[in-house]
Amino acid sequence: MVPPSQSNTIDFDAAKLQRLGFTGSRNLPLKPASLVELRHQLSLQLQTSLDAERILNLFFREVQRLVPLDALAFQHPSHDLRLELGERAPHSAGYRLSHEGEYLGELIFRRKQRFSEEELIQLESLLASLLFPLRNALLYRTALQSALRDPLTDTGNRIAMDQVLQREVDLARRNLQPLSLLMLDIDHFKSINDNHGHALGDEVLKAVAQTLKNQLRNIDMVFRYGGEEFLVILSGTNREGAALVGERLRFAVMELQCLDAGRHIDVSISLGCSSLLPGESGESLLRRADNALFVAKREGRNRLSMAG
Ligand SMILES: Nc1nc2c(ncn2[C@@H]2O[C@H](COP(=O)(O)OP(=O)(O)OP(=O)(O)O)[C@@H](O)[C@H]2O)c(=O)[nH]1
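Since the model is a prediction, treat every value here as computed from it, not as a measurement.

Caption draft 1: Structural context of the overall build of the protein chain. Each helix and strand in the protein chain was counted, giving nine helices and 13 strands. For 308 residues, the compact-globule estimate of 2.2 N^0.38 gives 19 Å, and the protein chain exceeds it by more than 25% at 25 Å. Seen through its principal axes, the protein chain has C-alpha atoms that stretch 75 × 50 × 35 Å. Relative to its 308 residues, the protein chain shows a buried fraction of 45%. Relative to all contacts within the protein chain whose residues are 6 or more apart in sequence, the contacts with residues 24 or more apart total 65%. A total accessible area of about 17100 Å² is found for the protein chain, and carbon and sulfur atoms account for 52% of it.

The structure is reproduced here in structure tokens:
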């Protein structure tokens, strides 16, 4: 798919901000505003985006029309969201944000000079304008993330895989970096289901996915490709490196302690590995990993096969 060119892209957030009279030039001095004016403007402005980072950037910029700041830090660990704007400074005012009991993150204002009582009251009043937009942005972030994840194994799904693979192929080409894939499949998974039940089969799938994530540096690169099939994207990794990772994964799965009523179940995986060739497409790289996996299965399973 060809990404839209810059000239065909309309930034609706920016367009709406412009209509509202917020031109967004970072270099122009900020026009001072009263608390009432600023609260009104923030309530309009922060509604223009569902992107938490953008909302916090806007908030940081606009708040300074009333209270000068050097930095704003925000974090919401369970959303994996961490933001540091401006330059660190010794004095700080920190807030734990929540709305109707729902935790929305920690926000810290920082400054070289101490904050006065009046400034703290103003900041707290302005923070109230942030809560709804921030809550909506966090909900949107959750929705986006769940659209890209496989709920059973908490790995990326096929949609995420297609996007990441394309991106990684483009990056590898541009930066002349190696890129490898490991396509892997649990051996005789049908008989695990048949002999121990589908629920236990699900537990095995989850355990294998967790093992893969535990063994890898970048857990965001593990995707559920199909029923009992996973894809691992190894950016910056050549053929030899990928073979080492593949064997490490294979041994880790063999050591899994999967039990059914106290009885050990043998679990193993077969893997196919391919490394990006000059000028090769993502589809071709994927196809070669899949073919190599087929060879690993044919040659007896519980093994790694390298694409030619
Ligand atoms: N429990 C469970 N089983 C699944 C899931 N998705 C697919 N399966 C099962 O996975 C099995 C895959 O079986 P096959 O494709 O025959 O492969 P296999 O038995 O692993 O044999 P080889 O791959 O040749 O070693 C099928 O029985 C599917 O029903 C799932 O989400 N949960």
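Read on, since the account is not over.
Caption draft 2: Examining the nonpolar core more closely. Phe 59, Phe 74, Leu 97, Leu 107, Phe 109, Leu 130 and Leu 134 are the most contacted members of the largest nonpolar core, which totals 34 residues. Mapped onto this core, the elements with two or more residues apiece are helix H2 (35-45), helix H3 (52-63), strand S1 (71-76), strand S2 (81-86), strand S3 (91-99), strand S4 (102-111) and helix H4 (117-147). Considering each element in turn, this core owes the most residues, nine residues, to H4. By size, the runner-up hydrophobic cluster in this structure holds 28 residues, among which are Val 208, Val 222, Val 245 and Cys 273.

Caption draft 3: Focus on helix H8 (residues 239-254). An ideal rise of 1.5 Å per residue puts 22 Å on 16 residues; H8 measures up with 23 Å between its terminal C-alpha atoms. Where H8 is concerned, the buried positions are Gly 241, Ala 242, Val 245, Gly 246, Leu 249, Arg 250, Ala 252 and Val 253. Looking at the packing, one finds that the buried side of H8 touches strand S7 (179-186), helix H7 (198-215), strand S9 (229-235), strand S12 (269-275) and strand S13 (304-306). With a side-chain oxygen lying 3.3 Å from the backbone nitrogen of Glu 240, the N-terminal cap of H8 falls on Asn 238.

Caption draft 4: Main features of the site of the ligand. The environment of the ligand is made up of 16 residues, and the closest members are Phe 189, Lys 190, Asp 202, Arg 224 and Arg 301. One of the backbone nitrogen or oxygen atoms of Ile 186 is found 3.1 Å away from an oxygen atom of the ligand. In this structure, a nitrogen atom belonging to the ligand sits 2.6 Å away from a side-chain N or O atom of Asp 202. Contact with the protein chains removes 67% of the 670 Å² of surface that the ligand exposes when unbound. By residue number, the principal contributor to the shell around the ligand is H7, which donates four residues. When its residues are assigned to classes, the shell around the ligand shows three nonpolar, five polar and eight charged.

About the thresholds
- Residues numbered from 1 in each chain as written.
- Predicted model: local features only at pLDDT ≥ 70, side-chain atom pairs only at ≥ 80, totals over all residues.
- Heavy atoms only, no water.
- Helix = DSSP H or I, 4+ residues; strand = E, 2+ residues; numbered from the N terminus.
- Rg over C-alpha atoms; globule rule 2.2 N^0.38 Å.
- Buried < 20%, exposed > 50% of the residue type's maximum accessible area, 1.4 Å probe, protein only.
- Contact = heavy atoms within 4.5 Å.
- Areas by Shrake-Rupley, 256 points an atom, 1.4 Å probe, with all protein chains shown as cover.
- Core = buried A, V, L, I, M, F, W, Y, C linked by side-chain atoms within 4.5 Å.
- Expected span 1.5 Å × (residues − 1).
- Polar contact = N/O pair within 3.5 Å; in protein donor to acceptor, adjacent residues only side chain to side chain.
- Near = heavy atom within 4 Å.
- Nonpolar A, V, L, I, M, F, W, Y, C, P; charged D, E, K, R; others polar.

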